[in-house]
Amino acid sequence: MASTDPVFLEKLAQVPQILAELNLDAWLIFVRETSAVHDPSLDVVVGTQVTWPSAFLLTRTGERYAIVGSLDRANLESLGLWPEITGYVGGITDDLRRLLSRLDPRTIAINVSEDDPTADGLTVGMHRILLKALDGTPYGDRLTSSGALIASLRGRKTALERERIRRACRTTTDIFAAVTPKLRPGMTEREFAATIVEAMHRAGATETAWDPEQCPAVFTGPDSAGAHAGPTDRRIERGHIVNVDFGVRQDGYCSDLQRTWYVLRDGEEHAPDAVQRGFDTILESIRAGARAMRPGKTGAEIDDVVRGYVTARGYDEYPHGTGHPIGRVAHDGGGGLLPRWERYGATPFVPLEVGQCYTIEPRLTVPGHGIATCEDIVVVEEDGARFLSESQERLWLVR
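Residues numbered from 1 in each chain as written. Predicted model: local features only at pLDDT ≥ 70, side-chain atom pairs only at ≥ 80, totals over all residues. Heavy atoms only, no water.

**Q** Just to check I follow, could you spell out the sheet that holds strand 17 (residues 396-398) for this structure?
**A** Paired through their backbone hydrogen bonds, the strands of a sheet run either parallel or antiparallel. Taken together, the four strands give an open sheet; going across it, the order is 7-8-11-17, and neighbouring strands pair in mixed fashion. Two strands lie at the open edges of the sheet, namely strand 7 (217-220) and strand 17, each paired on one side alone. Taken pair by pair, the neighbouring strands of this sheet meet at an average axis angle of 25 degrees, ignoring direction. For strand 8 (residues 241-246) and strand 11 (residues 257-263), the ladder comprises six bridges, and the chain directions are antiparallel. Bridge pairing in strand 11 links Ile241 to Tyr262. Of the strands in this sheet, strand 8, strand 11 and strand 17 touch helix 7 (residues 159-179), which is tilted by about 15 degrees from strand 11. Along the sheet, helix 8 (residues 189-202) makes contact with strand 7, strand 8 and strand 11, crossing strand 7 at roughly 145 degrees. (Pairing = 2+ DSSP bridges. Helix = DSSP H or I, 4+ residues; strand = E, 2+ residues; numbered from the N terminus. Axes fitted to C-alpha atoms, helices over the stretch in contact; angles between N-to-C directions. Contact = heavy atoms within 4.5 Å.)

**Q** Could you clarify how one ought to interpret the nonpolar core in this entry?
**A** The nonpolar side chains of a soluble globular protein tend to be buried, and buried together. Ile175, Phe192, Ile196, Val244, Phe246 and Trp261 are the most contacted members of the largest nonpolar core, which totals 36 residues. Elements with a contribution of two residues or more to this core: helix 7, helix 8, strand 8, strand 10 (253-254), strand 11, strand 15 (376-381) and strand 17. Tallying contributions element by element places helix 7 first for this core, with six residues. Not counting the four nearest positions on each side in its chain, Val244 is found in contact with Phe176, Phe192, Ile196, Pro216, Ala217, Val218, Leu257, Gln258, Arg259 and Trp261. (Core = buried A, V, L, I, M, F, W, Y, C linked by side-chain atoms within 4.5 Å. Buried < 20%, exposed > 50% of the residue type's maximum accessible area, 1.4 Å probe, protein only.)

**Q** What should I look at first to understand the packing of aromatic side chains in this one?
**A** Per the counting criterion, the structure on display carries seven aromatic pairs. Ring geometry for Phe176 versus Trp261: centroids 6.1 Å apart, planes at 70 degrees, classification edge-to-face. One end of the pair, Phe176, is in helix 7; the other, Trp261, is in strand 11, with 85 residues separating them in the sequence. When its relative accessible area of 0% is taken as the criterion, Phe176 is described as buried. For Trp261, a relative accessible area of 0% puts it in the buried group. Consider the rings of Trp341 and Tyr344, whose centres lie 6.0 Å apart with planes at 20 degrees: the pair is stacked. (Phe/Tyr/Trp six-rings, centres within 6.5 Å; stacked < 30°, edge-to-face > 60°.)

**Q** Would you explain unusual backbone geometry in this entry?
**A** With the exception of glycine, the majority of residues adopt a negative phi angle, and the majority of peptide bonds are in the trans configuration. Cis geometry is adopted by the peptide bond preceding Pro216, which originates at Cys215 and carries an omega value of 5 degrees. Structurally, Pro216 is set in the loop between helix 8 and strand 7. Phi is positive for Asn23, close to 55 degrees, though the residue is something other than glycine. Position of Asn23 relative to the elements: it lies in the loop between helix 1 (6-21) and strand 1 (26-31). One non-glycine residue, Asp104, lies in the positive phi region at around 50 degrees.

**Q** I'm lost on helix 7 in this one. Help?
**A** In an α-helix there are 3.6 residues to a turn, and that puts residues three or four apart on one side. Between the first and last C-alpha of helix 7 there are 31 Å, a value that for 21 residues agrees with the 30 Å anticipated at 1.5 Å per step. Inspection of helix 7 places Glu161, Arg164, Ile165, Ala168, Cys169, Thr171, Thr172, Thr173, Ile175, Phe176 and Val179 among the buried residues, and these make up the whole buried set. (Expected span 1.5 Å × (residues − 1).)

**Q** Explanation requested: the pairing of strand 3 (residues 64-69) in the structure shown.
**A** If a strand is regular, its side chains alternate between the two faces of the sheet. Burial within strand 3 is extensive, with six of its six residues counted as buried. Bridge analysis of strand 2 (residues 54-59) against strand 3 gives four bridges, and the strand direction is antiparallel. Along strand 3, the bridge assignment pairs Leu57 with Tyr65. The hairpin turn running from strand 2 into strand 3, its antiparallel successor, is four residues long, and Gly62 in that turn takes a positive phi close to 100 degrees. The pairing of strand 3 with strand 4 (residues 84-88) spans five bridges and is classified as parallel. Paired with Ile67 across the strands is Thr86, a residue of strand 4. Between strand 3 and its parallel partner strand 4, the chain crosses via helix 3 (residues 70-79), and the hand of that crossover is right-handed. (Right-handed = clockwise from strand over helix to strand, strands pointing away.)

**Q** Sorry if this is basic, but what is going on with empty space enclosed by the protein here?
**A** Empty pockets left among the atoms are what a rolling probe the size of a water molecule brings to light. For the coordinates displayed, the defined rule picks out two cavities of 30 Å³ or more. The calculated volume of the largest cavity comes to roughly 60 Å³. Lining the largest cavity are Lys11, Val44, Leu153, Arg154, Lys157, Glu161, Tyr253, Gly327, Arg328 and Asp332. Residues of the lining of the largest cavity, tallied by class, amount to three nonpolar, one polar and six charged. Counted as a void, the second largest cavity has a volume near 40 Å³. Lining the second largest cavity, in full, are Ala151, Gly155, Lys157, Pro325, Gly333, Gly334, Gly335, Gln356, Cys357 and Tyr358. Counting residues per element, the ones that place at least two in the lining of the second largest cavity are helix 6 (147-155) and strand 12 (357-360). (1 Å grid on protein atoms, 1.4 Å probe; cavity = no way out; pocket = protein on both sides within 12 Å on 5 of 7 lines; lining within 4 Å. Points joined across faces, edges and corners; volume = space filled by probe spheres on them. Nonpolar A, V, L, I, M, F, W, Y, C, P; charged D, E, K, R; others polar.)

**Q** Is there a simple way to explain the pattern of salt bridges in this structure?
**A** Pairs can form between side chains of opposite charge whenever their charged atoms are close. The tally for this structure, following the rule as stated, stands at 30 salt bridges. One salt bridge in this structure joins Arg102 and Glu84, with 3.2 Å as the shortest N-O distance. Remark: Glu84 occurs in strand 4 and Arg102 occurs in helix 4 (residues 93-103); sequence separation between them is 18 residues. Among the salt bridges present, the one from Glu381 reaches Arg386, with a minimum N-O distance of 2.7 Å. Look at the salt bridges and you will find they share partners, linking Glu163, Arg166, Arg167 and Asp251 into a network. (Salt bridge = Lys/Arg side-chain N within 4 Å of Asp/Glu carboxyl O.)

**Q** It is not clear to me how the packing of helix 1 against helix 7 should be interpreted in this structure. Could you clarify?
**A** Helices that pack against each other are described as a pair by the angle of their axes relative to one another and the distance between those axes. Across the interface, helix 1 lies against helix 7 with an axial gap of 9 Å and an inter-helix angle of 130 degrees. With respect to their mutual orientation, helix 1 and helix 7 come out oblique. In this structure, helix 1 contributes Pro6, Val7, Glu10 and Lys11 to the contact, and helix 7 contributes Leu160, Glu161 and Arg164. Looking at the contact of helix 1 with helix 7 residue by residue, the classes come out as three nonpolar, no polar and four charged. (Parallel < 35°, antiparallel > 145°, perpendicular 65-115°, else oblique.)

Next comes the structure, spelled out in structure tokens:
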């Protein structure tokens, strides 16, 4: 993270308005040894790591305060993001109590959430330390979850954030274009994945969007390992559908795209009707979902549209959500285009907001051939969703 990166100031500028909207007086980020136990909010508004127990307090009137160990102070000052920094030696409690007493916030958001991992950065141990530090003050009873705050802050992508996501998408689609002529029957999933990684490095990208053991993910044929598995030694055969799930992290922001190929059998000039129909269903369902997206709608409503389109064409329901937020990480914080399933908690009901960026990624099985899927990225605007990624408009054929 760089102190000169203007994204930090853009995100810090959003905090007071969101706090006011949610009737919160302050947001407290309470962390220690962040290179080992990392609160995702550090990457959005803090801009560096810390060692000793540290408190970052942001208020609805725009003030920003940091209380850090004395040896962390110089590094934090060099960023230029925190106007008032207190360094301590013996312990954080006295300085934290003095600051809260001076400001007297009625509500203090802390990073605990049952539904959103990016809003759940406060560990159990640090929560106990915080409550002990606030014992005998009224502030322990004024703590509340920062879940809604972080959902809006991470979700409302600035113009610069959206442009970085778009550029990461462009790099990824350029990589897909570069490797498509190299895809051949007889290659293993691992070999094709290595071809993608080689193309990524040639494109100047150095980091995949998630764990490189699973990115790129390559799946071929009807008996592939399935989503979230890494590439295997399974060979690509004629008659297989091949799909890839891949993204890069570029300038601090991620892409996450999926593309589909069909490997022609001897004598075939086109994909079989079942394969083509499956692929067309995926494309049409993605477009239907994008058309349905409006500020104020919930992710569950968009999931209904896309999932319903696929099942109405006679395909089984896919066993995952329709889409997730994307930003500094591939699965960014906030809501999602998700079904009303227990595992997603309250996240399917988070309203869409202008500036949020989501993937749309339905899938379906074509018996005997494999999985048809595409994944694209859109940004929510006032009158609908706009694609940030260049879509796959046709099934790619391998001869």
